Amino acid sequence: ISLIGTALLIWLDQDFVAPRWSDPLSKRQQSFAADLARYHGAGFPVVRVVDGDTLHLDAADSMEAVTKVRLIGIDAPEMGGGGSGPMYFAQEATSFARRVALDRQVTVYLDQQAGSRDRYGRLLAYIELPDGGFLNEELLSQGFAYADTRFRHGYYQKYQRLEAGARALKQGLWAKVRPDQMPAWRQRTLADPDYGVRHK
């Protein structure tokens, strides 16, 4: 009986209790590791600002000549596309981002909680400006963007506080924005406060 019990334990150990570290990395983990090695803490020139939360770096990325970056944790008004015009305060947000980042050498930082890529393949990043400030935070604190509560990241609570401060001081878009001028996800959050919680 003792021998049978020992043999059973060995068999179970081999077939069912394989150590977790032996599992291969997931595709998402592999992508993050590769992006971390290439981009995290590295400096690149900004060659284009698409809108307040999207810019291009002078670095080839996969089949692209540039690296397309989506700023983590914020949602700036869209400049439009596909026939739609700019959203409220999009021009101002884009102009601000161009003024402080375009043709500047910036430093890229990634966030493991957020991951390194969005569904469009853009690099998700915090962008440090030459003066040491972060573009993500400047856009929030000066009222050029919303704190994006749909996705978790390392500064989730801080970004909500930065937006709250801008709202209280009526900075930027918060001086006059109407609910119907906000992004659709934000309008849903206003109508249903639990929406953001369910979609994190």
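Before reading on, note that the structure itself is shown above.
What counts and what doesn't
Residues numbered from 1 in each chain as written. Predicted model: local features only at pLDDT ≥ 70, side-chain atom pairs only at ≥ 80, totals over all residues. Heavy atoms only, no water. Helix = DSSP H or I, 4+ residues; strand = E, 2+ residues; numbered from the N terminus. Areas by Shrake-Rupley, 256 points an atom, 1.4 Å probe, with all protein chains shown as cover. Pairing = 2+ DSSP bridges. Axes fitted to C-alpha atoms, helices over the stretch in contact; angles between N-to-C directions. Buried < 20%, exposed > 50% of the residue type's maximum accessible area, 1.4 Å probe, protein only.

Q: Could you clarify how one ought to interpret the overall build of the chain in this entry?
A: Scanning the chain from terminus to terminus reveals seven helices and seven strands. Helices and strands in the chain line up, N terminus first, as α-α-β-β-β-β-α-β-β-α-β-α-α-α. When the accessible surface of the chain is summed, it comes to about 11700 Å², and 55% of that surface belongs to carbon and sulfur atoms.

Q: Explanation requested: the sheet that holds strand β5 (residues 105-109) in the structure shown.
A: Pairing between sheet strands relies on hydrogen bonds along the backbone, with the strands arranged either parallel or antiparallel. If you walk around this closed barrel you meet the five strands as β1-β2-β3-β6-β5, and the pairing is mixed. Strand-to-strand twist across the sheet, computed as the mean angle between neighbouring axes with direction ignored, equals 55°. In terms of strand pairing, strand β2 (residues 54-57) meets strand β3 (residues 67-71) through four bridges, oriented antiparallel. Pairing of Leu55 across the sheet is with Val69, part of β3.

Q: Help me understand the pairing of β2, please; the structure alone is not making it clear to me.
A: For a regular strand, side chains alternate in direction, first toward one face of the sheet and then toward the other. Taking every second residue as pointing to the same face, both faces of β2 are buried, with Thr54 and His56 on one and Leu55 and Leu57 on the other. Taken together, the four bridges between strand β1 (residues 43-51) and β2 define a ladder with antiparallel strand orientation. Bridging across to β2, Asp51 finds its partner in Thr54. Connecting the antiparallel pair β1 and β2 is a turn made up of two residues.

Q: Just to check I follow, could you spell out unusual backbone geometry for this structure?
A: When glycine is set aside, most residues are seen to have a negative phi, and most peptide bonds are trans. Residues other than glycine seldom take positive phi values, yet Phe89 does so here, at roughly 70°. Considering the arrangement of structural elements, one finds Phe89 in the loop between β4 (74-75) and α3 (90-101). We note that Lys170 has phi near 55°; this positive angle belongs to a residue other than glycine. Tracing the backbone shows Lys170 in the loop between α5 (156-168) and α6 (184-191). Judged by relative accessible area, which is 55%, Lys170 ranks as exposed.

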